[in-house]
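Structure assessment
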Amino acid sequence: MVDMAMFPALKPGVRNLPDTFNEAKLNTFSMLIFCAVWVAFVPAYVNSQGKYEDSVVVFVILASRCVVSSPIYSSSCRLQGQFHLNEMHKAGDVVLGGIFRIHFFSVFPDLSFTSEPPQPTCHGFDVVGFRMAETMAFAIDEINRNSNLLPNVTLGYSLYDNCFKLGIGFRAGLSAVSGQEEHFILEDTCAGTPPVIGIVGDSSSTHSIAISSVLGLYRVPMVSHFATCSCLSDRQKFPSFFRTIPSDAFQVKAMIQIMKRFGWTWAGLLVSDDDYGLHAARSFQSDLAHSGGGCLAYLEVLPWGNDRDELRRIVDVMKKSTARVVIVFAHESYMINLMEEVVRQNVTGLQWMASESWTAATALQTPDLMPYLAGTLGIAIRRGEIPGFREFLQQIRPDPHHNNSYGNNIVNQFWEFTFQCKFTPPPAGWVEAGGTLCNGKENLEDVETELFDVSNLRPAYNVYKAVYALAYALDDLLQCEPGRGPFSGRSCGNLKRLEPWQLVYYLEKVNFTTTFGDQVSFDENGDALAIYDVMNWLWLPDGTTKVQNVGEVKRSASKSEEFIIDEDKIFWNFESKKPPQSVCSESCPPGTRMARKKGEPVCCFDCIPCSEGEVSNKTDAMGCTSCPEDFWSSLQRDHCVPKKTEFLSYHEPLGIGLTVACLLGTCMCAVVLGIFIYHRNTPIVRANNSELSFQLLLSLKLCFLCSLLFIGRPRLWTCQLRHAAFGISFVLCVSCILVKTMVVLAVFKASKPGGGASLKWFGVLQQRGTVIVLTSIQAAVCTAWIVSASPTPHKNTQYYIDKIVYECAVGSTVGFAVLLGYIGSLASLSFLIAFIARNLPDSFNEAKLITFSMLIFCAVWVAFVPAYISSPGKYADAVEVFAILASSFGLLVALFGPKCYIILLRPERNTKKAIMGREIPA
């Protein structure tokens, strides 16, 4: 071809040639710039002086050179570099990307940068990961065969292997959205693999965070089937991320639900050293504290790789801890390393709880590990069924003609791994070492492989749902009616100018039901409806392991959580065959309260019995509640009971004794009165002023009877009557004694010359009047007391904290003091007069008896005051009754005992001469 740059003058003439890509147009434009630069050079050069002349020349040369050497002369652009990845492709009108773990390990070469850095290599083929990639291929094939979904549109796929390494996964994400062809021809449609409009994957939370952080800038939708980190729900950071697996936030809540169900409040938490584990730990700590469902005995981060020293330290912590439940948020590889150390130290007796990442891990379900891991409870992804999937897998065939180390090679790698052969050309020395060559005609039915185990599809089922979510979103986008679309100007997306962000809009609104009956939709954070199966590792007698479904936990559209578990199906790996106890401190029974141990978690506490008068009626009470005023705590401190009531009762020994004494005194008064009435005409009765004696006996009988008012439950009438009856009865008694004493003294004085005038003041009427007046004064005091401040029944709770003392409140202390003071005044006056008359010369000098009786009376009541004040409750009433009885008996015996003795036993002395002292019988 002739280089047209040699003939610039010809370019304007050829610019309209009919080539699709007419380079003459570009040459014309570049020569126009070239000429313009040099035309402007001439005046600029002429007007510049000194060094500026040279600057103008250099500038013009550079400007013209840039025009000539510009990439505009190139007809294509070239990739800066190319990633060598394990891939699997299928062409289509629209291509979906996928990133899966198809190899367990990867090796990154040393980077010396003295030559072009070599690409990382992957090894350790993962059949389960390959099955998930084939799940996506099957779903796309099924959609292409479905005339009702995406009609007239063929879906393709570009699937990549991340080799369980972030760097390779990131390479896969970039390759998916940009393509891998070395040159892209600048035509209307680029040749090579078209970029994808959405990606299914990655399975790792860490990988998804990294990849989605970049793809989210361009709003490329990414639907993960296994990334559970709750951090991915942040729409500000990950605006185009979706997932068909529930967030760890819900998984953590499910774990806590199980802990609550079995009463496990003390557990250890092990997490992997990645975003998945660290975010799960943060969420678990927060939710556990918020729910009040328990505490963490320890939190340990499992190390990357096989760090023996760190693993040994972690297992030592597990052995020393009192927590019997161990919760692990980590991938299978972490658990394999951990269990090696657990077996080495023989740590048994633990109840393991597994996150969804290792609940179904067959690598851990070995006979060597079952003594330790049997009975594990785990959260598992919802199981699903994919009709026709097994038949699709059976049709897998390799491509013997496409056996390059990288590219569309994943099926070939599976074939080589399964049949332990190599495709042509084999590695050097393979045939010589006895290795076989693959021909692509081997029969998969002749070998045992996990590929065909489709009975327990969990992550693969999520892949299936993710592909369908993208397909339904694309279908909704293509069914948009022009002029009624959701985008600017009410426009719609179209297949020719499809933008990834348009698909994000429809993904947010997608809602469909799978053939298995599960509803698929996304909330405002891109999370699917949360549902998990609860699994249990059953250790069968033949040594094999069965992972059985024992329940489910899900969140409905109304945000309510439902937890169902069949406890009878659970296998417990303990001798008791029952759930273990895992608590820091045993629950505090009713009647106690929890007291936190200083410096320890809230689940570690002491149980302190409630104080007297306080109760707690529930387990693990934070505090005790005081009983109402009329109630007291039971012996167990778990409920309030009515307080015991206390008063001087007729049914207790003290009350019975006092009652008997009262009745005895009353009977004695009646007997003495009968004796005096019967012998009323005898000298000794007549000589002692029989009328006053009769009044005195009646008053003593009233004194004895009034004591009964102090016994029994206080009532208003008994409270009002007891002190009034007591005061009036005793004033009547003491008044009679006082008058008798005064009469004796007056008679003695009248027997002397000139003393007869004194008797006129102590006639019968005067005696009666004096008794009535003195008694009326006390009656007036009692009336005023009852009217102004009446004694009332009172429930006293001050004496005892656990008893209610029923007593009579005196109402007016002044009234009670005046009542006692008046009695005391009359008694003192009687004692004083009797003391003066004690030495009168009569043989039977009654003044001596009155003096003695008043001495007893005053002594009793002087002792009564301090005893009454210091006696609580019913004993105050008992003291008062005792004082009444003692003084009454003292008066009765002292005044009437000698007379009854003479009347009954010494009748010979019951004569006038004997009484006058003129005749003393031998």
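Scope of this entry: the structure provided in the associated data block. (Residues numbered from 1 in each chain as written. Predicted model: local features only at pLDDT ≥ 70, side-chain atom pairs only at ≥ 80, totals over all residues. Heavy atoms only, no water.)

Time to look at unusual backbone geometry. Gly-201 connects to Asp-202 through a cis peptide bond whose omega is -5 degrees. Turning to its location among the elements, Asp-202 is positioned in the loop between β8 (198–200) and α6 (205–215). Cis geometry marks the peptide bond from Thr-424 to Pro-425, where omega comes out at -5 degrees. By secondary structure assignment, the location of Pro-425 is in the loop between β17 (421–422) and β18 (436–437). Unlike most non-glycine residues, Gln-420 shows phi in positive territory, near 50 degrees. Among the residues examined, Gln-420 registers a relative accessible area of 53% and is labelled exposed. In this model, Asp-620 sits at a positive phi of 55 degrees, which is unusual for a non-glycine residue. One can find Asp-620 in the loop between β26 (614–615) and β27 (625–626). Of the residues examined, Asp-620 reaches a relative accessible area of 28% and is grouped as partly exposed. (Helix = DSSP H or I, 4+ residues; strand = E, 2+ residues; numbered from the N terminus. Buried < 20%, exposed > 50% of the residue type's maximum accessible area, 1.4 Å probe, protein only.)

Each pair of packed helices gets described by two things: the angle between the helix axes and the distance between those axes. Taken N-terminus to C-terminus, the directions of helix α14 (residues 459–478) and helix α15 (residues 500–507) make an angle of 105 degrees; their axes are 8 Å apart at the nearest point. Considering their axes alone, α14 and α15 lie roughly perpendicular with respect to each other. Judged by residue contacts, Ala-469, Leu-470, Ala-473, Leu-474, Asp-476 and Leu-477 of α14 engage Gln-502, Leu-503, Tyr-506 and Leu-507 from α15. The residue inventory of the contact of α14 with α15, partitioned by class, reads eight nonpolar, one polar and one charged. (Axes fitted to C-alpha atoms, helices over the stretch in contact; angles between N-to-C directions. Parallel < 35°, antiparallel > 145°, perpendicular 65-115°, else oblique. Contact = heavy atoms within 4.5 Å. Nonpolar A, V, L, I, M, F, W, Y, C, P; charged D, E, K, R; others polar.)

Of all hydrophobic cores here, the largest spans 70 residues; its most connected members are Phe-726, Phe-857, Trp-861 and Phe-896. Among the elements of the structure, α16 (653–678), α17 (683–687), α18 (690–706), α19 (716–750), α20 (764–788), α21 (813–836), α22 (846–870) and α23 (874–905) are those that each provide at least two residues to this core. Per element, the largest residue contribution to this core is 15 residues, and it comes from α23. Residues in contact with Phe-857, not counting those within four places in the same chain, are Phe-730, Val-734, Ile-823, Ala-827, Ser-887 and Leu-891. (Core = buried A, V, L, I, M, F, W, Y, C linked by side-chain atoms within 4.5 Å.)

Along the polypeptide, Cys-782 turns up in helix α20. Look past the residues within four positions of Cys-782 in its chain and what remains in contact with it is His-723, Ala-724, Ile-728 and Leu-819.

This part is about the sheet that holds strand β32 (residues 803–809). The three strands are arranged β30-β32-β31 in an open sheet whose pairing can be described as mixed. The open sheet has two edge strands, β30 (644–646) and β31 (792–796), and neither has a second partner. Strand-to-strand twist across the sheet, computed as the mean angle between neighbouring axes with direction ignored, equals 30 degrees. (Pairing = 2+ DSSP bridges.)

A few words on the pairing of strand β6 (residues 155–161). The element β6 is largely enclosed, with a buried count of seven among its seven residues. Across four bridges, the pairing between strand β2 (residues 86–90) and β6 is antiparallel. In the sheet register, Lys-90 faces β6, and the bridge partner there is Tyr-157. Sheet analysis places strand β3 (residues 94–100) next to β6, joined by seven bridges and oriented parallel. Residue pairing across strands places Ile-99 opposite Tyr-160, the latter belonging to β6.

Our next topic: the state of the cysteines. According to the stated counting rule, one finds ten disulfides in the structure shown. Between the sulfur atoms of Cys-229 and its disulfide mate Cys-231 the distance is 2.4 Å. Around the S-S axis, the bridge from Cys-229 to Cys-231 shows a dihedral of about 130 degrees and counts as right-handed. Each member of the pair Cys-229 and Cys-231 is classed as buried. The residue that forms a disulfide with Cys-295 is Cys-603, at a sulfur-sulfur distance of 2.1 Å. Between Cys-295 and Cys-603 the disulfide shows an S-S torsion of about 85 degrees. By sign, it is right-handed. Note that Cys-295 is positioned in strand β12 (residues 295–302) and Cys-603 in the loop between β24 (592–596) and β25 (605–609), a separation of 308 residues in sequence. A relative accessible area of 6% places Cys-295 in the buried class. Assessed through its relative accessible area of 9%, Cys-603 is described here as buried. (Disulfide = S-S within 2.5 Å.)

Spatially, eight strands are ordered β12-β11-β13-β14-β15-β21-β22-β23 in an open sheet, and the strand pairing comes out mixed. Of all the strands in the sheet, just β12 and β23 (561–565) have a single pairing partner and so form its edges. Sheet twist, expressed as the mean angle between neighbouring strand axes with direction ignored, is 25 degrees. Two strands pair when backbone bridges link them, and strand β13 (residues 325–329) and strand β14 (residues 351–354) are joined in this way by four bridges, in the parallel orientation. Looking at the pairing, Ile-327 lines up with Met-353 of β14. Here helix α9 (residues 308–320) sits on the sheet in contact with β11 (266–272), β12, β13 and β14, set at roughly 170 degrees to β12. Contacts between helix α10 (residues 332–345) and the sheet are confined to β11, β12, β13 and β14, with β14 contributing the most and set at about 170 degrees to the helix.

So, on to a nonpolar patch on the surface. A grouping of Leu-829, Leu-832 and Ile-836 is seen on the molecular surface, where their side chains present a nonpolar patch of about 280 Å² in accessible area. With respect to the secondary-structure elements, Leu-829 resides in helix α21. A relative accessible area of 39% means that Leu-829 is categorised as partly exposed. (Patch = residues over 30% accessible without salt bridge, like charges linked within 9 Å, V, L, I, M, F, W, Y side chains within 5 Å. Areas by Shrake-Rupley, 256 points an atom, 1.4 Å probe, with all protein chains shown as cover. Salt bridge = Lys/Arg side-chain N within 4 Å of Asp/Glu carboxyl O.)

Our focus in this paragraph is the side chain of Thr-359. With respect to the element layout, Thr-359 can be found in the loop between β14 and α11 (370–373). Owing to a relative accessible area of 1%, Thr-359 belongs among the buried residues under this scheme. Polar contacts involving the side chain of Thr-359 include one to the main-chain carbonyl oxygen of Ile-379, which spans 2.8 Å. Among residues more than four places away in sequence, those in contact with Thr-359 are Ala-354, Gln-365, Gly-378, Ile-379, Ala-380, Met-535, Trp-537 and Val-547. (Polar contact = N/O pair within 3.5 Å; in protein donor to acceptor, adjacent residues only side chain to side chain.)

The tally for this structure, following the rule as stated, stands at 26 salt bridges. Between Asp-309 and Arg-312 there is a salt bridge; the shortest N-O distance is 2.9 Å. Separated by three residues within a single helix, Asp-309 and Arg-312 lie in helix α9, roughly one turn from each other. Residue Arg-312 is classed as partly exposed on the basis of its relative accessible area, which comes to 31%. With its nearest N and O atoms 3.6 Å apart, the salt bridge here joins Glu-385 to Arg-383. Its relative accessible area of 25% is what places Arg-383 among the partly exposed residues. Through salt bridges with shared partners, one network takes in Arg-382, Arg-458, Asp-518, Asp-533, Glu-552 and Lys-554.

Turning our eyes to something else, we now look at the side chain of Asp-877. In this structure, Asp-877 sits in helix α23. In terms of polar contacts, Asp-877 uses its side chain to reach the side chain of Arg-722, at 3.4 Å. Not counting the four nearest positions on each side in its chain, Asp-877 is found in contact with Leu-648, Phe-710 and Arg-722.

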